[in-house]
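Chain residues, written in single-letter form:
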Amino acid sequence: MTPPVRLLLARHGQTEWHHDNRYVSRTDIGLNETGRREAWMLARRAEEERPDLVLCSPLTRALETARPSAEACGVEPKTDARLRELDFGEWEGSTLAEIREEDSESVSLFEEDPDRHGFPGGEPLHKGAERVLETLADLHRSHTGRTVLVVAHNTLLRLGLCRMLGIPLRDYRRRLPRLVNAAVSEVRFGENGGALYSLNDARHLQRRAEAKSAAGRSRHGRVEAPDRTRSRGTGGRRDQGK
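Figured I'd write up the structure that's included with this text. (Residues numbered from 1 in each chain as written. Predicted model: local features only at pLDDT ≥ 70, side-chain atom pairs only at ≥ 80, totals over all residues. Heavy atoms only, no water.)

Moving on, we get to a negative patch on the surface. The grouping of E90, E101, E102, D103 and E105 at the surface amounts to a negative patch. Structurally, E105 is set in helix α5 (residues 104–112). Residue classification places E105 among the exposed residues on the basis of a relative accessible area of 58%. (Patch = residues over 30% accessible without salt bridge, like charges linked within 9 Å, V, L, I, M, F, W, Y side chains within 5 Å. Areas by Shrake-Rupley, 256 points an atom, 1.4 Å probe, with all protein chains shown as cover. Salt bridge = Lys/Arg side-chain N within 4 Å of Asp/Glu carboxyl O. Lys, Arg positive; Asp, Glu negative; His and termini not counted. Charge placed at Lys NZ, Arg CZ, Asp CG, Glu CD. Helix = DSSP H or I, 4+ residues; strand = E, 2+ residues; numbered from the N terminus. Buried < 20%, exposed > 50% of the residue type's maximum accessible area, 1.4 Å probe, protein only.)

As C-alpha cells, then:
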C-alpha cells in the first residue's frame, strides 16, 4: 500500500464581499488588505511546512493567497479548475439576510436541507464534493508520501471534507460551520480515502496577531493579556450563516 499524501487545505484570504458575508463563487474578486495580510501569514506557515506543491483554484482570491506561499517555498503555484468555488447561482453577490427578505421560502428550504434544496440556478452540492475528492485522489497518485498546500474556497472545501468523512452533505452547514480564512486543515489522503488530522489550525495567524499586540503594548509601557478576538481569522462568525 502506498503512503498517503499530506494535504494542507487552506481557505483563501478575505475579500470585501466575504467581509460583508456575501455569497461569492464565480465573481472573480481579489483580496482586500486583510486578505493580503492573511496570505502573508499563511506563507510564513508554508515556510515551516515546505510543501512540494502549492495548488489552488484559478480564481484571483485563491491565487493571490497561494502565490506568497509558493514564493516562500521556491515553487510556482499551480491551478486546478476543479478547485473553483461551488456556483451559488442566483444567490451570487447577496447575503443570506437579503435573500431571506426577497424569498424566505427558498431560504427556509435551503436551511432545512441544502442538499435537496440547493442554490437556485447553482451547482448541486454533490457535484462540488465530487470534484474535490477527484482532485485529492489525483494528488495522492502524483504526490504520494509528500506534502501539498491546497488553497481553495469555504463551501467547496467543507463539502469535500464532509464527503471524505461520511457526513451527509445536507449537514455540511451544521457540522462544519466555517473554514477560517488562511487557516490550515490537515488531511492525509490515500488509497482507502482520507483522514482529518486538524481543522482550522490558525496558530500562524495567532502568532502574528499576538506579536503586533505585544509590540503595541510595549510602546505604551503596558503588560496585558493577548487579545485573541482577532486571532481566529476573519472568516469567523460572519460565515456561520452560510
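It is worth spelling out the nonpolar core at this point. Counting residues in each nonpolar core, the largest one holds 37 residues, and the members touching the most others are L7, Y23, W91, F119, L139, V148 and F189. One finds L42, C73, L149 and A202 within the second-largest nonpolar core, a separate group that totals 19 residues. (Core = buried A, V, L, I, M, F, W, Y, C linked by side-chain atoms within 4.5 Å.)

All right, on to helix α2 (residues 33–49) then. A rise of 1.5 Å per residue sets the reference length of α2, with its 17 residues, at 24 Å; its end C-alpha atoms lie 25 Å apart and thus fit the reference within 8%. The N-terminus of α2 is capped by N32, whose side-chain oxygen sits 3.2 Å from the backbone nitrogen of T34. (Expected span 1.5 Å × (residues − 1). Polar contact = N/O pair within 3.5 Å; in protein donor to acceptor, adjacent residues only side chain to side chain.)

Quick look at the environment of M1 now. When you line up the elements, M1 lands in the segment before β1 (5–11). Distance from M1 to G190, taken between C-alpha atoms, is 8.8 Å for residues 189 residues apart in sequence. Apart from the residues lying within four places of it in its own chain, the contact partners of M1 are E191 and N192. (Contact = heavy atoms within 4.5 Å.)

Per the stated rule, a full pass over the model turns up 17 salt bridges. Measuring nitrogen to oxygen at the nearest pair gives 2.7 Å for the salt bridge that ties D87 to R26. Of this pair, D87 sits in the loop between β3 (78–79) and α4 (96–102) while R26 is found in the loop between α1 (16–19) and α2, placing the two residues 61 residues apart along the sequence. For D87, a relative accessible area of 26% gives the class partly exposed. Residue class for R26 comes out partly exposed when judged on its relative accessible area of 44%. Here R174 and D171 are joined by a salt bridge, their closest N and O atoms 3.6 Å apart. R174 sits in the exposed class, given a relative accessible area of 58%. We classify D171 as buried; its relative accessible area is 17%.

It is worth spelling out the environment of N181 at this point. Structurally, N181 can be placed in the loop between α8 (172–175) and β5 (184–190). Residue class for N181 comes out buried when judged on its relative accessible area of 1%. C-alpha separation for the pair N181 and A202, spaced 21 residues apart in sequence, amounts to 9.0 Å. Polar side-chain contacts of N181 include one of 2.8 Å to the backbone oxygen of H12.

Coordinates in, geometry out; function isn't part of it.
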